[in-house]
Amino acid sequence: MQNKRSYSSKTIESRFEVLRVATAIGISLLVALLLITFASKQPLNALKWFLAGPILTMRNFGNVLELFIPLTFGGLSIAVMFQCNQFNMAAEGSFFLGGLGAGIIAVGIKMPAGIHAAAAIAVGALFGVVLCVIPALMKVKWKANEVVSSLMLNYVALFFGNYVLQYMLFDPDAGYNASHIFPRSVRLPVIIPRTGVHAGIFLAIIMVVVTYLFLYRTKWGYAIRITGQNQNFAKYSGIGVGSTIILSQVAGGALAGIGGATQVLGMYTRFSWTTLPGYGWDGILISILANNNPKFIPLAAFFLAYLRVGADIMSRRSDVAPEVVSIIQAIIVVLIAGKMFLDTYKHKMIVKNSQEQVKEGSLT
Amino acid sequence: MADADNVLVMENITKVYPNGFVANKNVDFSVRKGEIHALVGENGAGKSTLMKILFGIESPDTGRILLNGQEVRINNPSSAIKYGIGMVHQHFMLAPSLTVAENMVMGIEPKNWFLFDFARALQMTKDIAEKYHFDIDPKAYVKDLSVGQKQKVEILKALLRGAQILILDEPTAVLTPQETGELFVQLKELKKQGHTIIFISHKLREIKEICDRITILRDGRSVGEANVEEMSEQDISDRMVGRNVVLNIQKTPAEPKETILSIRGLSAVNQFGKNVLNDVSFDVRKGEIFGIAGIEGNGQSELAEIITGLRPYSKGSVKIKNVEIQNLSIRKIRELKTSHVPEDRMTFGIAGDASIEENLISDRYYKKEYNRNGLQKAKKISRETDSDISEYLVKCDGREQPIRMLSGGNIQKVVVAREFSSGPELILVDQPTRGIDVGATEFVRKQIVKLRDGGSAVVLISADLNEVMELSDSLIVLYEGEIVAYFPDTKNLSEQEMGEYMLGVKRMPPDQIGDVIHAK
């Protein structure tokens, strides 16, 4: 009897998780399509470019894959920290600093090809770690809310980066605010001709696997997840809660840093970021869509990349602005993050199910 | 029962929480005008849920509420207040930095044009305090008040808002005996003035003292409604626990060996600055079940938390295997081969969303034998999980199932499986059978005896008098943070006698209590 009850509520729950995400995406796309239909003079043309544009040419699809890389790193970084129930927003700053660190190594040191890129990425990771670990330390030591401290730190990272760019990396011959040009030895090679898709995509996929294994197959990942789910239980079990929180932010910072480094080395020939790139923020959306599970991060990252590129193409080929993607994103976030979405329906099912059990007298 | 007298009727109330837990099952509850009505039941029996529904904090899934014969819908606390229902929560809802008068009028502030009229707030507070003979200073800051006075403010606050029915959620849990006495005088005064009071408690003596009628909840159902005079404390507790099935525990006499846990002069203060443990000293030997009896809130929880490393202590010494644990991490304490079945299993015992398997390895996942090359030995862990599930008779869909989907009894079996299978030499079990069904209770008790027979020391803390007397080989009684009795042998103990010690009526002479120290 126990089995029967558990079975049904388990089925109800897992069914609703999938249903919630699917419904949220469905509703948001529907709203977007309606908006486009009303806003455009040629809605069919606009829709065609929005939905099919990214796969119509190899170049466009290349754009999707290019965007997929940083989005995946952003999502992974956030997922590791969210799994520990730490809402560290410094992933954004870490992503930026990762790019900066890679830029410094790229123009500052001469090394053989390959090793140079690896060193630049490693330093990027280190830069990312340094930033992300600050909110964690402040949280563990002084119980400072990590959301606030990490949000503030992003600006510290940005202006530190601007300073370094202006006074240490700046190339007066570049004609714009940028570093000296990266040597070949440090750039990530393009792997699909006539697109910008670079070798960083392999690194992204490797990191998805590594992060998954780390979270679900190692003792450290276990400690992170248990601490995130119930800190009291973790403490009672003898898990060092403070060090686990710090570990998760170190891992998250490293992933964001690697992402930033990969992006800079793969997509640009100079370091020229003077604003925050935004992939850390996107990581939040992606991680929420993927239920903080690295397994689903590539899927969510691809979905978002596709939408972005589609909207971009649409704005160039029709009279609809690309901001329509922001509307889609906003609706998805509201519907998925809103814990009560579809909850009444779910609750009705559970109540009905439980009442049947009460009637049978099996629920004691 | 004359329905006309009922000022409040709750009919057929069912409440299912989003996780599928059924807190109330077709509960009927009725209160007559001008009575003090006791609502009793064990933790998790559904008392709080029922009152939350009445006060509009939770909405019921079935059933209806009648006030003076009229069906009403109470969707939120403000509509409850409108209907004349007031609630005094166990944890006070007051703003400490404001004065009593300001707290009193919060939300219904008297205005002088558009400014807050403090003088009138003072007057309103004075008037209502006088009307009900409460002695309180309206200008005092709430943060400076004692717990008892804060409670008075809460009660007056409800009365000021026109409460005719007053719900008191375990009002005496935080009070000293003197404060309790004072509260009772005031409650009787309220009753005289025609107010109806719902009194939630599990202190039976207090119920006998001031309540007129009683409703008993067990496991989400109402199991009886009666006049308090007609029921003895024994009757009430029988109904509450449903102890018609007397569990006779089969065990041989204990053979105590060397001392493993040794506590000397331990004192502790809780977050309210109240002294919860006062100069406690005792020894626990291997091969015995050492019971700690007492009414809840007499220092047992704090003692358990200190022994297991969850709570720091500054005065006294706690040694496990001759090692002072004051500065040891919880992991280090566990590595001394100790384990702990916590009182609040949902908060400390499990991570609800994690699987049964993940919950079973939380104390050992990091050990060498479970890891190879940085990865966890998944197969070994699964194999051990499966054998724990079958050995400890956990009813589930398999090791991958999230543990929150199990019933309370099965969750406890998982906790017990983890804590018992690690081969502890000292184990602390705190309320091991609270709120779980009879079958699981019997199973857990048998496991405890088995562990003792294997030579481990068991410290058993239980508010269930029957359990602690039957299961323990020797026991101490805690009253207000002090040991008031020590029984080296539990054979010829009577519940009567125990009750007297637990209520602080009797107290053994110090030398007799001192026998609990075996290692000099």
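Rules used in this analysis
- Residues numbered from 1 in each chain as written.
- Chains lettered and ligands numbered in written order.
- Predicted model: local features only at pLDDT ≥ 70, side-chain atom pairs only at ≥ 80, totals over all residues.
- Helix = DSSP H or I, 4+ residues; strand = E, 2+ residues; numbered from the N terminus.
- Rg over C-alpha atoms; globule rule 2.2 N^0.38 Å.
- Buried ≥ 20, exposed ≤ 12 C-beta atoms within 10 Å, placed from the backbone.
- Contact = placed C-beta atoms within 7 Å.
- Domains from an automatic or database assignment.
- Pairing = 2+ DSSP bridges.
- Axes fitted to C-alpha atoms, helices over the stretch in contact; angles between N-to-C directions.
- Nonpolar A, V, L, I, M, F, W, Y, C, P; charged D, E, K, R; others polar.

## Observations regarding the overall build of chain B
Along the backbone of chain B there are 18 helices and 24 strands. Since a compact globule built from 520 residues should have a radius of gyration of about 24 Å, the 25 Å found for chain B is in line with a globular shape. Over its C-alpha atoms, taken along the principal directions, chain B stretches across nearly 75 × 55 × 50 Å. Burial status across chain B gives 45% buried among its 520 residues. Sequence separation of at least 24 residues holds for 69% of the intrachain contacts in chain B that already meet a minimum separation of 6.

## Section: unusual backbone geometry
Residue and element names in this part refer to chain B. The phi dihedral of His133 is positive, around 60°, even though this residue is not glycine. With respect to the element layout, His133 can be found in the loop between α4 (118–131) and α5 (147–160). Phi at Asn373 is positive, roughly 50°, even though this residue is not glycine. Secondary-structure assignment places Asn373 in the loop between β19 (371–372) and β20 (375–376). Since 6 C-beta atoms lie within 10 Å of it, Asn373 is described here as exposed.

## A word on the domain arrangement of chain B
Think of interface size as the accessible area that goes away when the parts come together; that is how it is often given. What the domain assignment reports for chain B is domain 1 (3–241), domain 2 (245–337 + 423–520) and domain 3 (347–413). Computed from C-alpha coordinates alone, the two centres of domain 1 of chain B and domain 3 of chain B are separated by 41 Å.

## Here we look at the sheet that holds strand β1 (residues 6–16) of chain B
Residue and element names in this part refer to chain B. Strand order across the open sheet formed by four strands is β2-β1-β4-β5, with antiparallel pairing between neighbours. Across the chains shown, the open sheet's two edge strands, defined by having one partner strand only, are β2 (22–32) and β5 (70–72). Each adjacent strand pair in this sheet contributes to an overall mean axis angle of 25°, direction not counted. For β1 and strand β4 (residues 62–67), the ladder comprises five bridges, and the chain directions are antiparallel. Paired with Thr14 across the strands is Thr62, a residue of β4.

## Observations concerning the interface of chain B and chain A
Facing 40 residues of chain B, the contacting portion of chain A comprises 28 residues. Elements with a contribution of two residues or more to the side of chain B that touches chain A: β1, β2, α10 (330–335), α11 (345–349) and β20 of chain B. For the side of chain B that touches chain A, the class distribution of residues is 16 nonpolar, 13 polar and eleven charged.

## Brief notes about helix α6 (residues 146–169) of chain A
By the burial criterion, the buried members of α6 of chain A are Glu146, Ser150, Leu153, Asn154, Ala157, Gly161, Leu165 and Leu169 of chain A. Buried residues in α6 of chain A make contact with α4 (91–108) and α5 (115–142) of chain A.

## Let's talk about the sheet that holds strand β3 (residues 36–40) of chain B
All names here are of chain B. Spatially, the six strands line up as an open sheet ordered β6-β9-β10-β3-β11-β12, and their pairing is mixed. Edge positions in the sheet fall to β6 (85–88) and β12 (221–227), since each has one partner strand and no second. Taking the axes of each pair of neighbouring strands and ignoring which way they run, one obtains an average angle of 20° across the sheet. For strand β11 (residues 213–218) and β12, the ladder comprises six bridges, and the chain directions are antiparallel. Within β12, the position partnered with Arg213 by the bridge is Asn227. Strands β3, β6, β9 (165–169), β10 (196–200) and β11 of the sheet are contacted by helix α1 (residues 47–54), whose axis makes an angle of about 145° with β9. Relative to β6, α5 is tilted by about 170°, and along the sheet it contacts β6 and β9.

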